[in-house]
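This is what each chain is made of:
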Amino acid sequence: MARDDDYFRKRLLNVLCATWTAQACSVFALLGLADRIAAGTTGGADLATAAGVDPVALRRLLAALADAGVLRQTGPDDFVLSGMGEYLRTDAPGSVRDTAVLYGQEVFASFAGLLDTVRTGRPAFTDRFGESFYQYLGGHPELAATFNGAMSTAPEPPPPPARLFDDARTVVDLGGGDGGLLADLLRARPGLRGVLVELPEAAARARVRLATAGVLDRVDIVVGSFFEQVPTDGDRYVLRRVLHNWDDGNVTRVLSRVRTAMPAGARLLVLEELLPAQPQRAGAGAGTWGAPRNRIVDLLMLVLMEGRDRTAAEYGQLLADAGFAVTGVTDGVIEAVPG
């Protein structure tokens, strides 16, 4: 029993100091050290000179990251990237460099206000920075670039069933990020056209991705907010992982604007990671209740923004409030038509 107690105590201590390691990774990423090491600068003193930081402090940072497995120490003052550390390079496929920077700055500051959020239910970000997360992004282009970089390398949701687009001519992707969904759809369907509505930073990334996919000539990119403008020429409207970012009032605002813009015969597809109607066991014998996604991400949303994940029934009620009728729910896709 004593051995078990010591095991759990050590596990808890590892959880408690995890923020230290995350902050170390964030500073390492912010200084661009992974790229410098990959380019051949592996000595701590040389890295400190290149980055313009204190060599003794940097050596201690690098040693801590070596203990964490992010680096490998190959000499008294020599460090190379581990398999994990490779993902902090800006040019690595699937790089999490922007995620590390984002989590270490505004996100970290927001989590410092978690107690106030739990007491009040208000996002700590808004209290710390004086405006909502997306408003703040609009006034801080460097953060917006980091945020969109982090989002563009996050694992993409599974594609919606192809049958949903069988008779489509124009797909309007609202808040479609870097255009990944449209790129895949248009590559598979030469006769299909797309419209992407996004804010400036994401729209610029989408232009590059769609050009790389060879489909940019079939996409109209509308730079702006879907709160203010929704194109009226689509027959499929898509909201993928968008509505969970907003509270019920703003979800209804978005859906109402889409409902007003949709022409006769158009359909709306809401793609979300739906919460189960009833709790589900996380695993046999686990003794805990699980959800389809890691619930620590829900805690991130709680401190950062106003949104949350919902059940299909909850989204169905919001759709009804905005004038839609739900016609089907399959594989995380809610199909709706103007009611």
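Here we summarise the structure given alongside this text. Bear in mind that the values here come from a model prediction, so they are computed numbers and not experimental data. (Residues numbered from 1 in each chain as written. Predicted model: local features only at pLDDT ≥ 70, side-chain atom pairs only at ≥ 80, totals over all residues. Heavy atoms only, no water.)

### Comments concerning the overall build of the protein chain
The condition is simple: For the purposes of this entry, the term helix denotes a DSSP run of H or I that reaches at least four residues, the term strand denotes a run of E that reaches at least two, and both are numbered from the N terminus. Here the term buried applies to any residue with accessible area under 20% of the maximum for its type, exposed to any over 50%, and partly exposed to those in between, with areas from a 1.4 Å probe on protein chains only. Areas reported as accessible are Shrake-Rupley estimates using a 1.4 Å probe. Residue values count occlusion only from the protein chains shown. Charge assignment in this entry is limited to Lys and Arg as positive and Asp and Glu as negative, and neither His nor the chain termini are counted. To locate a charge, take NZ of a lysine, CZ of an arginine, CG of an aspartate or CD of a glutamate.
Regarding its fold elements, the protein chain presents 16 helices and 11 strands. Sorting the 339 residues of the protein chain into buried and exposed places 42% on the buried side. In the structure as shown, the protein chain presents an accessible area of about 17400 Å², 55% of it carried by carbon and sulfur atoms. The protein chain carries 34 positive and 41 negative side-chain charges, and their two centres are separated by 3 Å.

### Remarks on the sheet that holds strand 3 (residues 170-174)
Two strands in a sheet stick together by hydrogen bonds in their backbones, pointing the same way (parallel) or opposite ways (antiparallel). Put simply, the test is: Following DSSP output, two strands are said to pair if at least two bridges run between them. What counts as an axis is a line fitted to C-alpha atoms, over the stretch in contact for a helix, and the angles between N-to-C directions run from 0 to 180 degrees. Contacts are residue-level and defined by heavy atoms, with any inter-residue pair within 4.5 Å sufficient.
On the basis of which strands lie adjacent, the open sheet formed by 7 strands has the order 5-4-3-6-7-11-10 and mixed pairing. Single-partner strands in this sheet number two, and they are strand 5 (219-223) and strand 10 (324-330). Neighbouring strand axes in the sheet, compared pairwise and without regard to direction, differ in orientation by 20 degrees on average. Pairing between strand 10 and strand 11 (residues 333-338): 6 bridges, direction antiparallel. In the strand pairing of strand 11, Gly328 is matched with Glu335. Helix 13 (residues 200-212) rests against strand 4 (193-198) and strand 5 of the sheet, and its axis sits at about 165 degrees to strand 5. Contacts from helix 16 (residues 312-321) reach strand 7 (267-271), strand 10 and strand 11, with the element oriented near 155 degrees to strand 10.

### Examining the nonpolar core
We count it as follows: Residues belong to a common nonpolar core when they are buried Ala, Val, Leu, Ile, Met, Phe, Trp, Tyr or Cys residues joined through side-chain atoms within 4.5 Å.
Leu174, Tyr237, Leu243, Leu255, Val258, Leu268 and Phe324 are the most contacted members of the largest nonpolar core, which has 29 residues in total. Of all the secondary structure elements, the ones that give two or more residues to this core are strand 3, strand 4, strand 6 (236-240), helix 14 (248-261), strand 7, helix 16 and strand 11. If one sorts the elements of this core by residue count, helix 14 sits on top with 5 residues. The residues touching Leu268, leaving out its near neighbours within four places in the chain, are Tyr237, Leu239, Leu255, Val258, Met262, Leu319, Phe324, Ile334, Glu335 and Ala336.

### What about helix 11 (residues 141-152)?
Selection criterion: Multiplying 1.5 Å by the helix residue count minus one yields the expected span of that helix.
The terminal C-alpha atoms of helix 11 lie 16 Å apart, and with 12 residues this matches the ideal 16 Å at 1.5 Å per residue to within 8%. Within the span of helix 11, buried status applies to Leu143, Ala144, Thr146, Phe147, Asn148, Gly149 and Ala150. Summarising the contacts, the buried residues of helix 11 are in contact with helix 6 (97-104), helix 7 (106-111), helix 10 (133-139) and helix 13.

Bear in mind that shape data such as this cannot, by itself, settle questions of function.
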